[in-house]
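# Structure at a glance
Listed below are the residues making up each chain.
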Amino acid sequence: MRMRKKIYLVYQYFGTSESKWSTQWYDFTQEFIKQGYEVTVITSNFIRSDLPEARFFKTVIRDNITIKILPFGDGNNLTIPRRIFNSLFFSFFCFIYLAFTTADKYIFSIGPIGAGLPIILKKRDKTILEVRDLWPDGGFAMKKIPIFLTKPLYLIQKIIYSGSGKIFTCSPAQQSYIETRFPILKGRVSCVEHGIDPRVLNYSQTNRMELSTVQKYWVVVATFGLIHNPMKWLHLAKRLMKIDADIELVLVGSGPLYSKVANTIEEENLFNVKLTGQLSKKGLSDWIRKSEFCLFTRNLLN
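Described in the following lines is the structure provided in the data block. None of the values given here were measured: they were computed from a predicted structure.

In terms of nonpolar packing, the biggest core is built from 32 residues, with Phe108, Leu129, Tyr161 and Ile178 touching the most fellow members. Counting residues per element, the ones that place at least two in this core are strand E1 (5–10), helix H2 (80–98), strand E5 (105–110), strand E6 (127–131) and helix H4 (150–162). Formed by 24 residues, the second largest nonpolar core is a distinct cluster that contains Ile7, Leu9, Phe46 and Leu51.

Structure representation (structure tokens):
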């Protein structure tokens, strides 16, 4: 009997489909499961977590994902020393746990400094690192991290980057910064501006351009009525077409001018506009999750 392929994801801020926080990695784990992977997530009780509290290593199963929860959460409600403490202890216990595991892929999505440290345990061809925030650099820039921690925190940062196989950043500036600070990493760092997706498992230099051209969605939830002129969104679409052809404007809502808007889109060939009509809560949530930008007009909130 053939053994299932395994993926371990280390991410301090993991949330399920019930989360009020980001569900990006939850959606990705579901894609990995469809591809035949057995997925284990190591995460924490961060401030907006929808997972049960853990006093130590608590294991829960949600939607075929095995989730290991550690009590070292992160969040802006904590002081900087406590955030550093929690990140390092989260990393320490992940280090111990992962030392006794084998898998086809290990994915680390990190912001604060310590969470990616266990990456050095595994061969580079098995590891993927997503750099969401430049820490500790951001902390130093905001003068929230004591100067005496500069050398040890930068050393940890260097160890994490050097031990990584594929490294993905969320902006060209992050990629440039990392390659300038660590020249040895040139050629191993790639930028995917809207966050990595399941295709990174098979990523190579030859499909860099394909991966980088992920569709960008700007979602506007509006009323197509006489008071709030919906035609202004079509003027916005025309401007966006000139600025960035990859942006698709998604208009959600209904009203007396809906047919006029639909006819104008067809007549003026506004291929970058999508009309969805009125959506259910779940339908709207799906669009919000994958959007780069989302705007709720005031009249819908009142």
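That was the structure; now back to the text.
Next up on the list: the packing of aromatic side chains. Tallied over the entire structure, the rule returns 14 aromatic pairs. Seen from their ring centres, Tyr8 and Tyr97 are 6.3 Å apart, and the 65 degrees between their planes marks the pair as edge-to-face. Residue Tyr8 is found in strand E1, and its partner Tyr97 is found in helix H2; the two are separated by 89 residues along the sequence. A residue is classified by how much of its surface remains accessible, and Tyr8, at 8% relative accessible area, is buried. Residue Tyr97 is classed as partly exposed on the basis of its relative accessible area, which comes to 24%. Taken together, the ring pairs connect Tyr8, Phe56, Phe57, Phe72, Phe85, Phe89, Phe92, Phe93, Tyr97 and Tyr106 into an aromatic cluster. It is Lys5 that lies over the ring of Tyr37; its NZ or CZ is 4.4 Å from the centre.

As for its position among the elements, Lys122 is in the loop between E5 and E6. Of the side chains bearing the opposite charge, Asp125 lies closest to the buried Lys122, which forms no salt bridge; the N-O distance is 11 Å. Sequence-distant contacts of Lys122, that is, excluding residues within four places in its chain, are made with Leu98, Ala99, Thr101, Tyr106 and Thr127.

A few words on unusual backbone geometry. The residue Asp63 is not glycine, and still its phi comes out positive at about 50 degrees. With respect to the element layout, Asp63 can be found in the loop between strand E3 (58–62) and strand E4 (65–70). The phi dihedral of Asn269 falls on the positive side, at around 55 degrees, and the residue is not glycine. Tracing the backbone through its elements, the reader meets Asn269 in the loop between helix H8 (258–267) and strand E11 (273–277).

With that settled, the discussion passes to the sheet that holds E5. Sheet architecture is open: 8 strands sit in the order E3-E4-E2-E1-E5-E6-E7-E8, paired in mixed fashion. Unpaired on one side and paired on the other, E3 and strand E8 (189–191) mark the two borders of the sheet. Taking each pair of neighbouring strands and ignoring which way they run, the sheet shows an average axis angle of 20 degrees. Relative to strand E2 (residues 37–44), E1 is paired through 6 bridges, and the arrangement is parallel. Residue pairing for E2: Tyr8 is matched across the bridge by Thr40. On top of the sheet, helix H1 (residues 24–34) reaches E1, E2, E4, E5 and E6; it is set at about 160 degrees to E2, its chief contact.

Glancing now at the sheet that holds strand E10 (residues 247–252). Spatial strand order, E11-E10-E9-E12: 4 strands in an open sheet with parallel pairing. Either end of the sheet is taken by a strand with one partner, and the two such strands are E11 and strand E12 (293–296). Here the strands of the sheet are splayed against their neighbours by 15 degrees on average, with no regard to which way each runs. In this structure, strand E9 (residues 216–221) lies alongside E12, joined through 4 bridges in parallel fashion. Across the sheet, Val219 pairs through a bridge with Cys294, a residue of E12. Packed on one face of the sheet, helix H7 (residues 231–243) meets E9, E10, E11 and E12 and runs near 170 degrees to E10. Set on the sheet, H8 makes contact with E10 and E11; between it and E11 the angle comes to about 150 degrees.

Here is what the cut-offs are and how they apply
- Residues numbered from 1 in each chain as written.
- Predicted model: local features only at pLDDT ≥ 70, side-chain atom pairs only at ≥ 80, totals over all residues.
- Heavy atoms only, no water.
- Core = buried A, V, L, I, M, F, W, Y, C linked by side-chain atoms within 4.5 Å.
- Buried < 20%, exposed > 50% of the residue type's maximum accessible area, 1.4 Å probe, protein only.
- Helix = DSSP H or I, 4+ residues; strand = E, 2+ residues; numbered from the N terminus.
- Phe/Tyr/Trp six-rings, centres within 6.5 Å; stacked < 30°, edge-to-face > 60°.
- Lys NZ or Arg CZ within 6 Å of the ring centre and 35° of its normal.
- Lys, Arg positive; Asp, Glu negative; His and termini not counted.
- Salt bridge = Lys/Arg side-chain N within 4 Å of Asp/Glu carboxyl O.
- Contact = heavy atoms within 4.5 Å.
- Pairing = 2+ DSSP bridges.
- Axes fitted to C-alpha atoms, helices over the stretch in contact; angles between N-to-C directions.

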